[in-house]
Each structure stands twice: as structure tokens, then as C-alpha cells.
Amino acid sequence: MRDSPTILWRGELTTRRSLRRRGLGVLAPALFWLTIFLVLPSIATALAAFAQRGELRGQIEWSLTFDNFKRLVGFGLFGWSADHMVIFARSVWIAAVTTCLSLLLAYPLAFFIATRKPGWRYPLLALVMVPFCTNIVIRVYAWQQLLAHDMPIARLAASLRLVRPGSSLCPSTLAVYIGMVSTFLPFAVLPLYASVERLDWSIVEAARDLYASRWRIFRHAILPQTRAALQVATILAFIPAMGTFVVPDLLGGGRYMLAGSLIQQQFGGSDVPFGAAISLALMVLTLGGLFLLRRSGESGAAAAGELAQVREAAP
Amino acid sequence: MKTRSQLLLSSVAAFTLLLLYVPFVAVFVLSINAAKSGTKWGGFTFAWYRQVFREPAILEAAQNTLILAVVSTIISTILGTLLAIAIWRYPWPKRIRALFDLTVYLPVVMPDIVFAAALVVAFGALRAVSSIFQFGLLTMVIAHVTFQIAFVALVVQSRLATFGRAFEEAARDLYAGGFQVLRRVTLPLLMPAIIAGAMLAFTLSLDDFIISFFTYGPTSTTLPIVIYSSVRRGVPPHIHALSMLILMITVLLVFALERLTRGAQQPSSPQARRIAVAVAGVVLILGTAVAWAVQSIRADRRRELVVYMYSEYIDPALKDEFERQTGLKLRIVEYENSEEMLAKIQQGAASQYDVLVVSDVVVPTLIRTGVISPLDLQQIPHRLNLDPRFTDPPFDRGCEYSLPYQWGTVGLMYDKRAVGDRPITWSMLFDESRQPGKYVLMDSMRDMLGIALKYRGHSMNSLDRDQVRAAGELLRRAQGMDNWIASEGGVGGKNRVMKGEAALAVVYNGDAIRAAAENDNVAFAVPPEGGVIWVDVMTITAGAPNRAAAHQFINFILDAKTGAQLSSFNRYATPNAAAMPFIRPDDRNNPAIYPPPSLQAKLEYLHDLGRNTRLYEEVWKMVKR
């Protein structure tokens, strides 16, 4: 056995090996937990995607089949159909639109809050935090109530001839978009705020002194400083938007399927292995998106650090 | 120039805040509105708030929500903090460190639903090892802790990154031992971050819906789950009040959190220490309270009979009566549709329920897979009360496994003013030229496809691909027409007809008949082309913890007077011949409850199609796309 060389570690004389042993001791509980309840379940799900549905709806019969993936890309009893592709494409599209709209609304809001007097900032921020901390079901159901046919908004829309009189705005594509944006918007505000608050205004002033146009000030002095936060905001809004089923379920009227609803439907009764295959696909899709995002900007670790900052800065 | 951009900034900010808060205002107004349904102002009331505190289901859910949040926060804060310290402090090789980092970030970047799905699969496997992994508070705590750990670790890590090794080295130079360094230097420095992490974990737990929804068990529903299922069922007004209460608690929590974290920003201040002590104290007290609560729930469960049935399917007075007669505690757990029920049963919940009240169509599956066991008919003398038509059903010959609870049909509820004296037929949905107005379909695969098949003159149990597909296309068109409002589960359609929003809705007859008793403008009929007839039956699970009580319950329901009371409550037909004399003549002679023989001949039971169900599922997906 090779002796590990003695080193000086944080004021303590020890060896690398003994340090690692102690480190593992501290790490063990969390690592054990995450292995049992995160890593192994993920592996089990990946395996289940190759299994078959059992006799009782929802049961798993372990075997090796690619049937679920064939179904996923659209090969069913009636030959090929685009159903699943349409649903996935719609999920990506709606999550992307939601993220863009959220950023567009959140960025000015973050600036607005960060440029108030210090005494105002926290109450305003708390105002954003409240919806963020209120359960998604309550937020979505509140929209469902607000858009009902006899509420003022629907009446206004009807009187403007935007919809037929007596129509409800609620189960509709518009309602789904409204619900998505208002649900995932607070996720984008917080990281942006944390970043804007720490903005180095001297750079902006320098740019102004050099007679930069307002656009150039924004483009070269402000945007680069908030890029990491924009990335985090994108991640925080996009990922839950991809996986949601509550919004389309409550605001889409039972006709608006997203990838999340598809998974929920499979797990909610009919076919766990197929559900596992879909959720595997969703995960690959999301991780793929993250990878692209990461390559386009700073490293994910920086982004995650930014995320943590948010939590400390925000109330 | 500057003011213009300021104005723009302010107006976008105002618009965004409006977008976030307007819905809450609407719900607040509804919550103090005395009018029961609809949005007309009916005067001010606090009644819905009072009702929240009288609903045992809501109180229990509130308790579960709190227990879940507190317990999972404690565990995840400890584990997450240790994880962050261990990763930061020790000299790990680069690759290994990257791997650790990945395990921290993974739960943050994984969509909730993927994570929830993975846990469902994993708990399924773990249940083979031990039955403690049955869905319930424990599985929910595990699920919550797993995603909270990452967030706690992230927050603590970011704080660790800001202080170098100098503090520890200084402590070492002063001859502090390893543990002393941790206790006297590292932890106090970290305390603000640990508190912030714990707070984050706590809010995440309260905020979570998806993960709870996938992992909850019969005795561990939380408030979001209660609200979700009431919303799908048609929002009783006290749910508005409940939502407002939750919102107010959130507001308090957010402002408390803000004060706390702002005060604790300076690491070594005495205030931070005081806060830490206070938090620890609160946690300790809550922990004791929780342990006590869990204990009392456990003690209670031993003598409890658990019945799993459709929502609002039993008169609460009957529950009290049963408890009074037998001295047992009866817990009714509700589900909204067969899919939901089967999912919970398959996921191992079978042995947590004693009696399952289920639709006829799922009985063969339950028998084949050993979920339910034969009844001991000797213990159910009241079975002799049953109408002979129901004692030898095709899905369970001789009632070996099941005895009927109630029966009914699926048909059209309509607004008389819109329909006038036109005959009710299914073409009112499928033929655009004959639609009397807006309509709501039922979000139920077999019922809707069955109706479309019937309209085309086929059997509802057709296995002919072309017939089923054509029925699917018919439905798809019906969902694309201008008059289609929604496809809803539960009683959503009924509510829309009641409010005058829809002229027609596909509903269960009992829902419609109860509505007709309140509102003279609505009525129900099964169109002459035919429709679905169903029987819901009572079965006992193979793993029933309380078999004798389960038999007592079935016998109680089959009592003549109980049967009559049941039917008077939910307005479905009784299979109980002895109960008929006790049923109101109005109901007895109502063709919407007891269809005349000419119509009965056209009604069809849905059969269990086994693996062929996939045909229907694929067509249904096409419909819903």
C-alpha cells in the first residue's frame, strides 16, 4: 500500500486519504439518500421504458421491448400518426413562448423594482414572491374563475365582438397562454432582480459619458451584466413550463394536451411503461435544451450560483 | 427622454403585477359572495369561511400539508447542509466533484413531473421489499426531501463560496478540534444561509402540487390536492374561501421570511444567533406536535374502515349512522374517475382500503389480478334484498366478488328553454345543423366513445378498428365545433347548464336529476339511440385490514332503508328491491332514474376489454390531441 503524503489542510496536518474518508463520512447521509431516491429511480424509469404494460392497467411487466418508443414516435394500431409529435412540438412551442413573454415582462419589472428607493424594494419584491409561493393550483383555478363567461372580462370581450356573446374565455388556447405566463413569470423575475440589483452602474455612466445611444448603453453596458441571470430565468421558467399538466388541464378544457398531460394520463391509470418512455423523452428534450443554452453562454455552474444568489437576495 | 422610459417601465411593471393579482381579486370577491353558483352578487357573507373550518377533509388535509412541510424541511436542511459542506470542504478529485455537483443540480433542472414519475416507479419496486413504501405521508416526505436537498445545498453552497479557508485555518491555529471548528466557526457563519435554505425548502413543499399528486395515499391528501379535485368537480364556493385563506398565510409567510433573512444578513450578529435559537425552538415544538399528531392518527387508523368510492356518492348522514350502529370509524376516500382509482390501486394502495366501490367495467380486471377477494356472503344477509336482475351479472357470475351499490345511465342534461319541444337525440351533439346551443362533453374515454358508437348504430364494446376510429373522428369534430365549450370530468358540464352557459351536457343521470330538483329549467333524458347503463358495485380488497367491518358495511348499505336513503340522496337507481317501497313515488316513476323497459333494451353495459383497451386509448388520444 502506497502511503498518502502528509499535507497541510486548513491548518491541520493530515493526509489526503484520511481527509477523503472523513469527507465521505459527512457526505454519506445525503449521498445515500440521493442514490436511493433519485439516481436509482431515474435508472428504474429508464428501464421501465423498455417494459410492457401488465394485465391490470398501470402494472409493469418486465421485458425488453422497443414498443413504447415506437409508439412514442407515432407508430400505433392505425399505422403512423403525428399525434405525439404534435403534442411534443406544442409543448416546446408553448414553453418557449411562455418563457419569452415572461422574460419580456419580468425584465422591466425587475428594473422597476431595483430602481425604487430601498424602502420600497422589499415590499414590491414580496408582492412578486407571494404568487410565486402560492400553490400553482390556486393560481390557475383563480384564472379559471376570472375568465368564466359571466365575469367582466368575458363580457367586455363579447361587447367588443372578440368572442360570441355568452361565451366563456376559459377553455381556450388564449386561457392556456395567460395561465402559463402568469404562473411561470415570477420564476423569471427573481433571478433578474437579483442581478439588476447588483448591476454596476458606473459602467452605464461611463457609456453615457462616451455619448452612447440608449440602445447601445443597453446592449453593451447592461445586457452583458445580466446575461447569466437571463439564462437562469430562462431555465427557471422553461423547465416547469415543459412539464406542467395543471394549466392545460384546468384552462384547456380537456382538449389541450401537452407532454406533461400525456405523462400524467399514462401514470394516472393506463400504461406506466409508456409513461416512463415519454418522461424519458421529456427529460432528454429538456437536458438537450439546457445543453444548448449552456454552450451559448456561461457555464451551468455559474448559472446555478446565480440561482442560489437569488434565494439569498430575495426575501 | 428619461421620463418617457420611466413611464414605460412603470406601466409594464404595473401591467405585470396586475396580471399576477387580478385573478386573486376575482376569487376574493367570489369568496364573500353569498350567491352559491354563478357570479351574480348575492350579498356579503362569511359563511364560506366558516364552512372551511367545518369540513373534516379540509382540516385533515391542512394538517397533512403542515406535517409534510415541517418534517421534510427538517430532514432536507440537515442533509442539504451536510452535502454542501462536504463537497466544499474536502479535497475531492475534479471528476468526482463534478459528479457531486451534477447530483445537486439534477433535481433543480429536472421537470417536476419526470421526477415524480421516477419516484412512482421506484416506490413500486421498493414496495416489494417493504410495505412501508405504500403511498402515504412517508412516501410524500421522501419525495419532498429529495427535491428539497438540492435547493438547500445550492443556497448553502453559494454562501460557502463567499468565505475562504482563512476562518478555519485561524481556528485551527488556536488549537480548535475538527468538531469545534464546525460548531464554533463554520456553522455560525453559515447560519443565515441554512435558515434561508430551510425557508426555501418549506415554501417549496407548500407550493408543490405535481410531486404530491403522484405520491399521495388515501390518508395523506394535502390542501392543493383537495383544491385540484374540487376544481375538477365544479368548485363549491367554500373552496374560494379556502384559497383565500391559503393566500393570506402565504402573504404572512413571505413577509416574515423577508424580515428574517434581512435581519440575519450580518452573519455573526447576536440577532442572527437569536433567530437561529428561535427557529430551532419553533422547529422543536412543531416537531413534537407533529410526532404527537402522527401518533394519534396511527392510533385512530387501527379501528378505521376505509372505503374508496366516487366523490359525493354517500349521504354523510349514513356515514354517521353506520358509525353509530357499529362503533367503528368510517373513512370515505373519494375518486373522480376509474382511471384515477385504478392507478392508486395498482400503485399498491389496495391493502390500504377495505371496501372499493367501483364501476362494473373494472371488476373483471380486479378479480383477475387478485386485487379483490371473494365475499363471505353468509356475513351479508341483506343481500337477499336485491332485485334478482342484479344478482347474476355477466361481469361477476353469482355475485361472488361484488354486490351492487347503485345503478344509472349516461345521457343528456339539457336546458328546456334552448331545446324547446324538439326530441332529444345524440344528433344534437354530432350534427351541427341540429345543435340547440352550446354543449359540454364528458371527459371519459369509454363513455364518450361508446356514445359516438351508439349514435352510429354500433355496439359500445365494438372491437372493430374502423368503427372505433370513425367514432373517434366524430368526437373530434364535435370538439372542434363553435358550440363546444369543454370536455370536463365530474360535474363540470352539469354546472355549466345550471348557470345557463351551456344548453346541453353529457352527464350521469343522478347529477342531472339532483340539479333538476334545484332548477326547473333543466331536465335529463337518455336519447332513444341508446346509451350507457352502469352498475357500481361494492367489493372487498384482498389485503383489507378490516374484513369483518367491510362485510358489515356492505350489509349496512344493502339494508332496505339505507338503500332508499342513499337513492334519495344522490338520485341514482337502487338495485335493492326491498328499498323500493321507501323511495319517493316521484323518483320511483321518474323515467330518468328508472328507464322504461323500451329504453332499457337499448342501453348497453361497457365491458372490460383487457388489452384491447389500447384500441380505445389510441383513438382517444387522437380525439384529445
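Residues numbered from 1 in each chain as written. Chains lettered and ligands numbered in written order. Predicted model: local features only at pLDDT ≥ 70, side-chain atom pairs only at ≥ 80, totals over all residues.

Asks: Which residues make up the overall build of chain A, and what values do they have?
Replies: Within chain A, the secondary structure is distributed over 13 helices and six strands. Going through the 315 residues of chain A one by one, you find that 49% of them count as buried. Once local pairs closer than 6 in sequence are excluded, the contacts in chain A between residues at least 24 apart make up 65%. (Helix = DSSP H or I, 4+ residues; strand = E, 2+ residues; numbered from the N terminus. Buried ≥ 20, exposed ≤ 12 C-beta atoms within 10 Å, placed from the backbone. Contact = placed C-beta atoms within 7 Å.)

Asks: Could you give an account of the overall build of chain B, with specific residues and numbers?
Replies: Tallying secondary structure elements over chain B gives 26 helices and ten strands in all. When its C-alpha atoms are laid out on the principal axes, chain B stretches across 95 × 75 × 50 Å. Residue pairs at least 24 apart in sequence account for 76% of intrachain contacts in chain B once pairs closer than 6 positions are excluded.

Asks: Provide a residue-level description of the nonpolar core, including the pertinent values.
Replies: By size, the foremost hydrophobic cluster in this structure holds 280 residues, and its most contacted members are Ala117 and Leu449 of chain B. Once residues within four sequence positions are removed from consideration, Ala117 of chain B is found in contact with Thr45, Ile263, Phe267, Gly275, Ala276 and Ser279 of chain A together with Phe214 of chain B. (Core = buried A, V, L, I, M, F, W, Y, C linked by C-beta atoms within 7 Å.)

Asks: I'd like to hear about the domain arrangement of chain B, residue by residue, with values.
Replies: Each assigned domain of chain B is listed here: domain 1 (10-45), domain 2 (51-300), domain 3 (304-406 + 537-585) and domain 4 (407-533 + 615-624). Contacts between domain 1 of chain B and domain 2 of chain B engage six residues on the former and six residues on the latter. (Domains from an automatic or database assignment.)

Asks: Pulling in residues and values, what's your account of the interface of chain A and chain B?
Replies: In this complex, chain A contributes 104 residues to the contact, which on the side of chain B involves 107 residues. Among the elements that line the side of chain A that touches chain B, the one with the most residues is helix α1 (residues 16-48) of chain A, at 18 residues. Residue composition of the side of chain A that touches chain B, by class: 62 nonpolar, 30 polar and twelve charged. (Nonpolar A, V, L, I, M, F, W, Y, C, P; charged D, E, K, R; others polar.)

Asks: With reference to specific residues and values, describe the environment of Val70 of chain B.
Replies: Residue and element names in this part refer to chain B. The topology assignment puts Val70 in helix α3 (residues 56-89). The class for Val70 is partly exposed, based on 19 C-beta atoms found within 10 Å. Between the C-alpha atoms of Val70 and Val141, which are 71 residues apart in sequence, the distance is 9.4 Å.

Asks: Mind laying out the confidence of the model for chain A, listing which residues take part and the relevant values?
Replies: As a note on interpretation, predicted positions should not be read in detail where pLDDT is low. Mean pLDDT for chain A: 81, with 88% of residues reaching 70 or above. For chain A, per-element mean pLDDT is lowest for helix α13 (residues 300-313) of chain A, which scores 50, and highest for helix α3 (residues 83-114) of chain A, which scores 91. (pLDDT = per-residue confidence, 0-100.)

Asks: Outline the packing of helix α5 (residues 136-146) of chain A against helix α10 (residues 223-233) of chain B, listing residues and values.
Replies: Running from amino to carboxyl end, α5 of chain A crosses α10 of chain B at an angle of 25 degrees, the nearest separation of the two axes being 10 Å. The pairing of α5 of chain A with α10 of chain B is recorded here as roughly parallel in orientation. Viewed along their axes, α5 of chain A and α10 of chain B form a crossing whose handedness is left-handed. Of the residues in α10 of chain B, those touching α5 of chain A at Val137, Ile138, Tyr141 and Gln144 of chain A are Pro224, Ile227, Tyr228 and Val231 of chain B. Per-class residue counts for the contact of α5 of chain A with α10 of chain B are seven nonpolar, one polar and no charged. (Axes fitted to C-alpha atoms, helices over the stretch in contact; angles between N-to-C directions. Parallel < 35°, antiparallel > 145°, perpendicular 65-115°, else oblique. Left-handed = near helix turned anticlockwise from the far one by under 90°.)

Asks: Could you give an account of the pairing of strand β3 (residues 355-359) of chain B, with specific residues and numbers?
Replies: Residue and element names in this part refer to chain B. Taken across its five residues, β3 has four buried, putting it largely inside the fold. Note: strand β1 (residues 304-310) against β3, two bridges, orientation parallel. Residue pairing for β3: Tyr308 is matched across the bridge by Leu356. When β3 meets strand β10 (residues 532-541), the two strands line up antiparallel, connected through five bridges. (Pairing = 2+ DSSP bridges.)

Asks: So what's going on with helix α26 (residues 613-624) of chain B? Which residues, and what values?
Replies: Over its twelve residues, α26 of chain B runs 16 Å from end to end, which matches the ideal 16 Å to within 8%, given 1.5 Å per residue. Taking burial as the measure, the twelve residues of α26 of chain B include nine buried ones, the bulk of the element. (Expected span 1.5 Å × (residues − 1).)

Asks: So, unusual backbone geometry: which residues are in play, and what are the values?
Replies: Of note, Tyr211 of chain A is a non-glycine position whose phi angle comes to about 60 degrees, a positive value. Structurally, Tyr211 of chain A can be placed in the loop between α8 (201-209) and α9 (214-243). A tally of 7 C-beta atoms within 10 Å means that Tyr211 of chain A is categorised as exposed. The phi angle at Arg571 of chain B is positive, at roughly 60 degrees, despite the residue not being glycine. Within the element layout of this structure, Arg571 of chain B appears in the loop between α23 (560-570) and α24 (585-588).

Asks: Let's hear about the environment of Trp62 of chain A: which residues, and what values?
Replies: Its place among the elements puts Trp62 of chain A in the loop between β4 (60-61) and α2 (67-72). Trp62 of chain A sits 211 residues away from Pro273 of chain A along the chain, and the two C-alpha atoms are 9.2 Å apart.

Asks: For the pairing of β10 of chain B, give the residues involved together with the corresponding values.
Replies: Residues and elements named next belong to chain B. Counting buried positions along β10 yields nine of ten residues, so the element is predominantly enclosed. Bridge analysis of strand β4 (residues 372-373) against β10 gives two bridges, and the strand direction is antiparallel. Note on β10: the bridge partner recorded for Ser373 is Ile540. One ladder, built from eight bridges, connects strand β5 (residues 402-415) with β10; its direction is antiparallel. By the bridge assignment, Thr409 is partnered in β10 with Ile533.

Asks: Describe the packing of helix α18 (residues 445-455) of chain B against helix α19 (residues 465-478) of chain B, with residues and values.
Replies: Residues and elements named next belong to chain B. Packing of α18 against α19 brings their axes to within 9 Å, and their N-to-C directions diverge by 105 degrees. In terms of orientation, α18 lies roughly perpendicular with respect to α19. For the pair α18 and α19, the contacting residues are Met448, Leu449, Ala452 and Leu453 in the first and Gln467, Val468, Ala471, Gly472, Leu474 and Leu475 in the second. Taken together, the residues of the contact of α18 with α19 break down into eight nonpolar, two polar and no charged.

Asks: Any chance you could break down the environment of Ala114 of chain A for me, citing the residues and the numbers?
Replies: Residue and element names in this part refer to chain A. By the element assignment, Ala114 lies in helix α3. With 18 C-beta atoms counted inside 10 Å, the residue Ala114 sits in the partly exposed group. The sequence separation of Ala114 and Val130 amounts to 16 residues, and the corresponding C-alpha distance is 18 Å. Beyond its immediate sequence surroundings of up to four residues, Ala114 is in contact with Arg121, Tyr193, Val196 and Glu197.

Asks: Outline the confidence of the model for chain B, listing residues and values.
Replies: Here chain B averages 85 in pLDDT, and 91% of its residues register 70 or above. Scoring the predicted complex yields pTM 0.82 and, for the interface, ipTM 0.85.

Asks: Now, about α10 of chain B: what can you tell me, with residues and values included?
Replies: An α-helical turn contains 3.6 residues, so a residue and the one three or four places further along point in the same direction. Buried residues dominate α10 of chain B, accounting for eight of its eleven residues. For α10 of chain B, the set of buried residues is Leu223, Pro224, Val226, Ile227, Tyr228, Ser230, Val231 and Arg232 of chain B.

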